[in-house]
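Coordinate inspection notes
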Amino acid sequence: FVSQKFCIFGFALLAGVLFCTPLTPLHAQLMTAIPDALEIEVSPSRPGPNTLVSVTVKNYSTDLDRATIAWFLNGKQMQKAIGLNRFEFRTGSLGTPSSIDIVIVTVSGRTIRKNIPIRPGEVDLVWETSGYTPPFYKGRSPYVNQGFVTVVAIPNLLGVNGKKLSAKNLVYKWSMDGVVQGSDSGYGKDSFSFLGTLLPKATEISVEVSSMADGTRASADLELDPERPSILVYQDDPIYGVLYNKALLDTFTLSNDEATFVAVPYYFSGKTPAVTHLDYLWSMNGADISGVAKKNRVTLRRSGQAEAGSVGVSVGIENSRNILQNAGYDFSISF
């Protein structure tokens, strides 16, 4: 491509004549297309208020290591040195804009300028699952394998006029494990729901929130690491009901002729412990007694001929819809 003597030959379909077109030198094309191709990296990409921000400049057509680079913050020169391609600063309060100007003077005397406006904003992500927890349980159900999760974005963004932007008037771009969820993204879509996969691995959720009016934006992300569901067993007292304040951790002493026990599924998908897709498997001393149980509860009676001793009781729960949701629990009864 150095010489312009090379030609492209072809036949004109209508005139049937031979024509020749000179090629433009490739170097000239590149200089015209990308005279000052600066690559700017801002970390974090969507900084929040009072956040330490790093700005790095790169240019593959100019030797920045020998260029004089000056950094300006809100019109005030902060640093200037040869090869100074990185600058750090701290953003102001929520909505306070920061203007970064980069002035580069190359060894050939050419000046390159770049402005980077930054307006800090923040987004909080809250989430909840459909996992079951018993009455008086403090806290929320954790994320479990194949669990249904809803994530809600709560943005805190100020427009150029200094007023807080309404969450319903913003655009949300949701991503799961790095893949943009197009159908769940868009104007006013401040929540995202998903069902955990079969693979027992962490799930990464991120959202980018932006204003259509002035371009103000912010982002947030979270990582949900699945836990295993579990079981606890409680006594169903004939007078006080289920004693949720005292789980059977090891041995239960049978003081009467019979006792009723309730298996409570923690974090399994379902609104109640008795949903049809939860199967309860009861056994005593290794023998199946599921037939005498009523789903999640079983009543055990002391035989009139039985002497003092103990028996081992086991209960397992399986979710027929979500096969990774299963757990077991063992305890003993002393009489």
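These remarks concern the structure in this document. (Residues numbered from 1 in each chain as written. Predicted model: local features only at pLDDT ≥ 70, side-chain atom pairs only at ≥ 80, totals over all residues. Heavy atoms only, no water.)

**With respect to the overall build of the protein**
What counts, and what does not: We count a stretch as a helix when DSSP gives it H or I for four or more residues in a row; a strand needs E for two or more, and each element gets its number in order from the N terminus. Two residues qualify as a contact provided that any one of their heavy atoms is within 4.5 Å of a heavy atom in the partner residue. Note on areas: Shrake-Rupley with a 1.4 Å probe; residue coverage comes only from the protein chains shown.
Within the protein one finds one helix and 26 strands. Look at the contacts in the protein between residues 6 or more apart in sequence, and 58% of them connect residues 24 or more apart. On the protein, roughly 19600 Å² of surface is accessible, and the fraction owed to carbon and sulfur atoms is 54%.

**A few points about the sheet that holds strand E20 (residues 251-253)**
Short version of the rule: Two strands are counted as paired when DSSP detects at least two bridges linking them.
Taken in spatial order, the five strands line up as E20-E26-E25-E22-E23 in an open sheet, and their pairing is mixed. Whereas interior strands pair on both sides, the edge strands pair on one side only; in this sheet they are E20 and strand E23 (287-288).

**So, the pattern of salt bridges**
Applied cut-off: Salt bridge, as used here, is a side-chain nitrogen of Lys or Arg placed within 4 Å of a carboxyl oxygen of Asp or Glu.
Taken as a whole and judged by the stated rule, the model has nine salt bridges. The shortest N-O distance in the salt bridge between Arg297 and Asp236 comes to 2.3 Å. On the criterion of sequence distance, the pair formed by Arg297 in strand E24 (residues 297-301) and Asp236 in strand E18 (residues 230-237) is long-range, its members being 61 residues apart. Connected through shared salt-bridge partners, Arg46, Glu208 and Arg217 make up one network.

**Overview of the packing of aromatic side chains**
Two descriptors summarise a pair of aromatic rings, namely the distance from one centre to the other and the angle between the planes of the rings. Selection criterion: Pairing of aromatic side chains here covers Phe, Tyr and the six-membered ring of Trp, requires ring centres within 6.5 Å, and sorts the geometry by plane angle: under 30 degrees stacked, over 60 edge-to-face, intermediate tilted. The rule is simple: take the accessible area with a 1.4 Å probe, protein chains only, and divide by the maximum for that residue type; under 20% is buried, over 50% is exposed, in between is partly exposed. Two limits define a charge over a ring: the Lys NZ or Arg CZ must be within 6 Å of the ring centre, and within 35 degrees of the ring normal.
Tallied over the full model, the rule gives twelve aromatic pairs. Relative to Tyr267, the ring of Tyr137 has its centre 6.3 Å away and its plane inclined at 70 degrees; by these criteria the two rings are edge-to-face. Of this pair, Tyr137 sits in the loop between strand E10 (122-129) and strand E11 (148-156) while Tyr267 sits in the loop between strand E21 (258-266) and strand E22 (278-284), placing them 130 residues apart in sequence. Residue Tyr137 is classed as partly exposed on the basis of its relative accessible area of 28%. With a centroid separation of 6.3 Å and 40 degrees between ring planes, the pair formed by Tyr329 and Phe331 is classed as tilted. Residue classification places Phe331 among the buried positions, given a relative accessible area of 4%. Following the ring pairs from residue to residue traces out a cluster consisting of Tyr143, Trp174, Phe192 and Phe194. Lying over the aromatic face of Trp127, Arg140 brings its terminal NZ or CZ to 3.7 Å of the ring centre.

**Here's the deal with the pairing of E21**
Counting buried positions along E21 gives eight out of nine residues, so the element sits mostly inside the fold. Bridge count between E21 and E24: five bridges; the pairing is antiparallel. By the bridge assignment, Glu258 is partnered in E24 with Arg301.

**Topic: the pairing of strand E16 (residues 203-211)**
Both faces of the sheet carry side chains from a regular strand, because those side chains alternate between them. For E16, the buried fraction is high: seven of the nine residues fall into the buried class. In this structure, strand E12 (residues 170-176) lies alongside E16, joined through seven bridges in antiparallel fashion. Looking at E16, one finds that Lys173 is bridged to Glu208. Here E16 pairs with strand E17 (residues 217-224) via eight bridges, running antiparallel.

**Some remarks on the environment of Lys294**
Relative to the elements of secondary structure, Lys294 occurs in the loop between E23 and E24. You can call Lys294 exposed: its relative accessible area is 67%. Expressed as a C-alpha distance, the spacing of Lys294 and Val262, which sit 32 residues apart in the sequence, is 9.6 Å.

**Remarks on the environment of Val275**
In this fold, Val275 is placed in the loop between E21 and E22. For Val275, a relative accessible area of 17% gives the class buried. Counting along the chain gives 44 residues from Val275 to Asn319, while the straight-line C-alpha distance between them is 9.8 Å.

**Quick word on the nonpolar core**
Test applied: Throughout this description, the term nonpolar core refers to a set of buried Ala, Val, Leu, Ile, Met, Phe, Trp, Tyr and Cys residues connected via side-chain atoms within 4.5 Å.
Val233, Phe261, Trp282, Val315, Phe331 and Ile333 are the most contacted members of the largest nonpolar core, which has 25 residues in total. Elements supplying a minimum of two residues to this core: E18, E21, E22, E24, strand E25 (310-319) and strand E26 (326-334). Leave out the neighbours within four places in its chain, and Phe331 touches Val233, Leu248, Asp250, Phe261, Val311, Gly312 and Val313. Counting residues in each nonpolar core, the second largest holds 21 residues, with Trp127, Val151, Leu157 and Ala220 among its members.

**Digging into a negative patch on the surface**
The line we're drawing: Patches in this entry comprise residues that are over 30% relatively accessible and not in a salt bridge; like charges within 9 Å are linked, as are nonpolar side chains (Val, Leu, Ile, Met, Phe, Trp, Tyr) within 5 Å. When charges are counted, neither His nor the chain ends are considered; positive counts come from Lys and Arg and negative counts from Asp and Glu. Throughout, a charge is located at the NZ atom of Lys, the CZ atom of Arg, the CG atom of Asp or the CD atom of Glu.
A contiguous patch of negative charge on the surface is contributed by Glu204, Asp221, Glu223, Asp225 and Glu227. Checked against the element boundaries, Glu223 lands in strand E17. Looking at Glu223, the relative accessible area reads 52%, which means it is exposed.

**Looking at the side chain of Asn59**
Going by this rule: Any pair of nitrogen or oxygen atoms within 3.5 Å is treated as a polar contact; in protein, a donor-acceptor pairing is required on top of that, and neighbouring residues in sequence qualify only through side-chain atoms on both sides.
Among the secondary structure elements, Asn59 is positioned in the loop between strand E4 (52-58) and strand E5 (68-73). Of the polar contacts made by the side chain of Asn59, one reaches the side chain of Ser61; its length is 2.7 Å. Looking at Asn59, its side chain comes within polar contact range of the main-chain nitrogen of Thr62, at 3.1 Å.

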